[in-house]
Amino acid sequence: MTTRTIVRAVLRGSLRDIHHVGAVPPGRARGLVARVYAQAERDFGIIAPPLALHSGAPRALAASWLLLRETLLVEGRVGRAVKEAVAAEVSRGNSCPYCVDVHRAALETLRRPAPDAPGAGAAEWIRSGAGRGERPPFTAEEAPEILGVVLAFHYLNRMVGVFLDDSPVPARTPAAVRGPILRTVARAMSPAAGPPRPGESNGLLPAAPLPPGLEWARADPVVADALGRSAAAVEDGARWVPPPVRRALASRLDGWDGSPPGLGRSWLGEALAGPLRPADLPAARLALLTALAPYQVTEADVASFRERYPGDRELVELTAWASLRTAVLLTSRLASRHPPAAPGNRPGR
């Protein structure tokens, strides 16, 4: 039995550890879910729990796959190692230990990029607070890939925070073997049939224009296409979300500086103090928690939401919508406050 086969078996077992929803097993996947799973196994090497947790809502699953594949996995101007470093750094900033573990382990399996490689300083720039006003160390042509990873992981970190444990490795695993296990998983996260080609996942969802806030992606038509399709699919899937819930999230995000609200819930009471019907409170509470503090989501929050929306589909669609709204906002703010240099004028060259 190969290492890849062992890791796949372990990760498929871990699909049972997803909280709140039941992931569709690979052997039972049909239609769009089966198509996404097949591409994920081909281009990512595994059906990872952060993807599979979306499977109760097929369009949200496809959207999460487009976000991940076309930004992180496809190498264009920017190499995979640079992107993994950005993914790990965004995850660290969002306090998502699951994603930090996985993507730092992936970094350890890759060759370190040269100091002058495209985007080589992007992760450190993000760590230092987006350079404290300095221009980013990448050009406008490289921005779609790098900011695309930022967007994807602001989104995925929130979904992981709601539905998964703090690490893909069981809590009782001895510390001495955690690193080797994670690196083995990371090595399996590689394409089975050569480097993924740009745009091959985009046909999973209908074409759609870029939403406001993602204009920085236009320099790469394939990434822009993926982001437009993904955003439209998530928004369409959440069309049932009541307007008062939408307004509650928008109002909170408008005045939010991006910092974590802390361990308490006093902020949540304030955010829910607006004109909300009692029937809408559980959805508004869950949307706000997902957006700003996914680590605070409890079984009681989910149970309260399920009293009105009992299916997995609605739970995934609401949390995906709140996560992506937040991810678009944070990434667009980063791009607008710190515009990249023009092509050919990368800082430091």
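Residues numbered from 1 in each chain as written. Predicted model: local features only at pLDDT ≥ 70, side-chain atom pairs only at ≥ 80, totals over all residues. Heavy atoms only, no water.

(A) Looking closely at the overall build of the protein chain. For the protein chain, the helix and strand inventory stands at 15 helices and zero strands. Within the protein chain, the fraction of its 349 residues that count as buried is 54%. Here the analysis covers contacts within the protein chain between residues at least 6 apart in sequence; of these, 77% occur between residues at least 24 apart. Roughly 15000 Å² of accessible area belongs to the protein chain as shown, and the carbon and sulfur atoms make up 54% of that amount. (Helix = DSSP H or I, 4+ residues; strand = E, 2+ residues; numbered from the N terminus. Buried < 20%, exposed > 50% of the residue type's maximum accessible area, 1.4 Å probe, protein only. Contact = heavy atoms within 4.5 Å. Areas by Shrake-Rupley, 256 points an atom, 1.4 Å probe, with all protein chains shown as cover.)

(B) Broad picture of the side chain of Glu145. In this structure, Glu145 sits in helix α8 (residues 143-163). Classification of Glu145 as buried rests on a relative accessible area of 3%. Within polar-contact distance, the side chain of Glu145 engages the backbone nitrogen of Gly76 at 3.1 Å. Contacts of Glu145, omitting those with residues within four sequence positions, involve Thr71, Val74, Glu75, Gly76, Arg77, Val78, Lys83 and Asp220. (Polar contact = N/O pair within 3.5 Å; in protein donor to acceptor, adjacent residues only side chain to side chain.)

(C) A look at helix α4 (residues 58-73). Compared with an ideal rise of 1.5 Å per residue, which puts 16 residues at 22 Å, α4 spans 21 Å between its outermost C-alpha atoms and is within 8% of the ideal. Most of α4 is tucked away, with 14 of its 16 residues classed as buried. (Expected span 1.5 Å × (residues − 1).)

(D) Region of interest: the environment of Arg59. Mapping Arg59 onto the fold places it in helix α4. Residue classification places Arg59 among the partly exposed positions, given a relative accessible area of 30%. With 254 residues separating them in the primary sequence, Arg59 and Arg313 have C-alpha atoms 9.9 Å apart. Ignoring any residue separated from it by four or fewer positions in sequence, one finds Arg59 in contact with Leu32, Leu205, Ala233, Asp236, Gly237, Arg239 and Glu317.

(E) The packing of helix α10 (residues 221-237) against helix α15 (residues 312-337), seen in detail. Close contact between α10 and α15 brings their axes to 8 Å; oriented N to C, the two are set at 135 degrees. Here α10 lies oblique to α15, going by the angle between them. For the pair α10 and α15, the sense of crossing is left-handed. Contacts between α10 and α15 involve Ser230, Ala231, Val234, Glu235 and Gly237 on the former and, on the latter, Glu317, Ala320, Trp321, Leu324 and Arg325. Partitioning the contact of α10 with α15 into residue classes produces five nonpolar, two polar and three charged. (Axes fitted to C-alpha atoms, helices over the stretch in contact; angles between N-to-C directions. Parallel < 35°, antiparallel > 145°, perpendicular 65-115°, else oblique. Left-handed = near helix turned anticlockwise from the far one by under 90°. Nonpolar A, V, L, I, M, F, W, Y, C, P; charged D, E, K, R; others polar.)

(F) Expanded view of the packing of aromatic side chains. The final tally for this structure, using the stated rule, is four aromatic pairs. The interplanar angle of 90 degrees and the centroid separation of 5.7 Å between the aromatic rings of Trp125 and Phe138 together place this pair among those described as edge-to-face. Highlighted residues: Trp125 in helix α7 (residues 122-127) and Phe138 in the loop between α7 and α8, separated in sequence by 13 residues. Of the two residues, Trp125 and Phe138, both sit in the buried class. When the centroid spacing of 6.4 Å and the interplanar angle of 50 degrees are considered together, the rings of Trp240 and Phe305 count as tilted. You can see Trp240 sitting in the loop between α10 and α11 (243-254) and its partner Phe305 sitting in helix α14 (residues 299-306), a full 65 residues away along the chain. Of the aromatic side chains, those joined through ring pairs into one cluster are Trp240, Phe305 and Tyr309. (Phe/Tyr/Trp six-rings, centres within 6.5 Å; stacked < 30°, edge-to-face > 60°.)

(G) The confidence of the model for the protein chain, seen in detail. Overall, the predicted model of the protein chain reaches an average pLDDT of 89, with 87% of residues at or above 70. When the criterion is pLDDT under 50, residues 344-349 qualifies, and its contacts beyond four places in sequence or with other chains add up to 15 contacts. (pLDDT = per-residue confidence, 0-100.)

(H) Examining the nonpolar core more closely. Among the nonpolar cores identified, the biggest contains 108 residues, and Ile18, Trp65, Phe153, Leu227, Trp321 and Leu324 are the most heavily contacted of them. Those residues in contact with Leu324 that sit more than four places away from it in its chain are Leu67, Leu151, Tyr155, Ser230, Ala231 and Val234. (Core = buried A, V, L, I, M, F, W, Y, C linked by side-chain atoms within 4.5 Å.)

(I) Seen up close, unusual backbone geometry. The phi dihedral of His20 is positive, around 75 degrees, even though this residue is not glycine. By the element assignment, His20 lies in the loop between α1 (3-14) and α2 (31-43).

(J) Region of the structure containing the environment of Ala271. Mapped onto the elements of the fold, Ala271 is located in helix α12 (residues 266-271). Residue classification places Ala271 among the buried residues on the basis of a relative accessible area of 16%. In sequence terms Ala271 and Arg285 are 14 residues apart; their C-alpha atoms lie 8.7 Å from each other.

(K) Local environment of the pattern of salt bridges. A full pass over the atoms with the stated rule returns 22 salt bridges. In this structure, the salt-bridge partner of Arg42 is Asp43, at a minimum N-O distance of 2.8 Å. The exposure class assigned to Arg42 is partly exposed, which follows from its relative accessible area of 31%. Judged by relative accessible area, Asp43 falls into the buried class, the value being 4%. Across the pair Arg246 and Glu235 runs a salt bridge, and its minimum N-O distance is 2.7 Å. Here the residue Arg246 occupies a position in helix α11, and Glu235 occupies one in helix α10, the gap between them amounting to 11 residues. Each of the salt bridges in this network shares a partner with another, and the network as a whole consists of Arg42, Asp43, Arg69, Glu70, Arg197 and Glu200. (Salt bridge = Lys/Arg side-chain N within 4 Å of Asp/Glu carboxyl O.)

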